[in-house]
Amino acid sequence: MEEEDEEEEGHGHRGKKKKKRIKIMSGSGQSTADRRTLRRRQRELQKDIIMGAASGKNDGESVGASGGVDDPNSGELQRLRNQNNALWDDVRYTREAVLDS
């Protein structure tokens, strides 16, 4: 008990928070179906980025003037980035990490 107390006192990181450890690989508890769904969602997002439009907005308008990914005022790039970051939070295996790159 005393050793644990000393260790806690000895960690004077001056306000730095320790990152939460995330279980990866088989320890993550992700099922095969969960991983498959994640990969499908990553591919859909990748397709949306390549097409220059968000899901459901493929109405044939030209990208740019219509508020697409290349228009900095549209917020589309930020939305896609946030969506990608949300998907990244579920990545626990290398196979899914490769799709994110």
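Residues numbered from 1 in each chain as written. Predicted model: local features only at pLDDT ≥ 70, side-chain atom pairs only at ≥ 80, totals over all residues. Heavy atoms only, no water.

Further remarks concern the overall build of the protein chain. Tallying secondary structure elements over the protein chain gives four helices and zero strands in all. Taken over 101 residues, the protein chain has a buried fraction of 18%. Considering only intrachain contacts with a sequence separation of at least 6, the fraction spanning at least 24 residues in the protein chain is 59%. As displayed, the protein chain offers around 8500 Å² of accessible surface, 48% of which is attributable to carbon and sulfur atoms. (Helix = DSSP H or I, 4+ residues; strand = E, 2+ residues; numbered from the N terminus. Buried < 20%, exposed > 50% of the residue type's maximum accessible area, 1.4 Å probe, protein only. Contact = heavy atoms within 4.5 Å. Areas by Shrake-Rupley, 256 points an atom, 1.4 Å probe, with all protein chains shown as cover.)

Further remarks concern the nonpolar core. Ranked by size, the top nonpolar core spans five residues in total: Leu38, Leu45, Leu80, Leu87 and Val91. Those elements that provide at least two residues to this core are α2 (32–51) and α3 (76–88). Setting aside residues up to four positions removed in sequence, Leu87 forms contacts with Leu38, Arg41, Gln42 and Leu45. (Core = buried A, V, L, I, M, F, W, Y, C linked by side-chain atoms within 4.5 Å.)

Okay, the packing of α2 against α3 next. Relative orientation of the contacting elements α2 and α3 amounts to 160 degrees, with a least axis distance of 11 Å. Comparing the axis directions of α2 and α3 gives the class roughly antiparallel. Relative to α3, α2 is oriented so that their crossing is left-handed. For the pair α2 and α3, the contacting residues are Leu38, Arg41, Gln42, Leu45 and Ile49 in the first and Leu80, Gln83, Asn84 and Leu87 in the second. (Axes fitted to C-alpha atoms, helices over the stretch in contact; angles between N-to-C directions. Parallel < 35°, antiparallel > 145°, perpendicular 65-115°, else oblique. Left-handed = near helix turned anticlockwise from the far one by under 90°.)

Next up on the list: α2. Side chains of residues three or four places apart in an α-helix project in the same direction, reflecting 3.6 residues per turn. For α2, spanning 20 residues, the distance from its first C-alpha to its last is 29 Å, which sits close to the expected 28 Å at 1.5 Å a residue. Those residues of α2 that sit buried are Arg35, Leu38, Arg39, Gln42, Leu45 and Asp48. Summarising the contacts, the buried residues of α2 are in contact with α3 and α4 (94–100). Positive phi shows up at Gly52, right after α2, with a value of about 80 degrees. (Expected span 1.5 Å × (residues − 1).)

A few words on the pattern of salt bridges. Going through the model one piece at a time under the given rule, you end up with four salt bridges. Taking the shortest distance from any N to any O, the salt bridge between Glu96 and Arg39 comes out at 2.6 Å. One end of the pair, Glu96, is in helix α4; the other, Arg39, is in helix α2, with 57 residues separating them in the sequence. The burial state of Glu96 is the same as that of Arg39; both residues are buried. For Glu76, the salt bridge is made with Arg79, and the minimal N-O distance between the two is 3.0 Å. (Salt bridge = Lys/Arg side-chain N within 4 Å of Asp/Glu carboxyl O.)

With that settled, the discussion passes to the confidence of the model for the protein chain. Note that predicted coordinates carrying low pLDDT should not be read in detail. Of the residues in the protein chain, 67% have a pLDDT of 70 or more, and the chain-wide mean is 75. Per-element mean pLDDT across the protein chain ranges from 45 in helix α1 (residues 2–10) up to 92 in α2. The low-confidence segment residues 1–9, where pLDDT is below 50, has zero contacts with residues more than four positions distant or belonging to other chains. Per-residue pLDDT stays below 50 along residues 58–64; that stretch engages in nine contacts with residues further than four places along the chain or on separate chains. (pLDDT = per-residue confidence, 0-100.)

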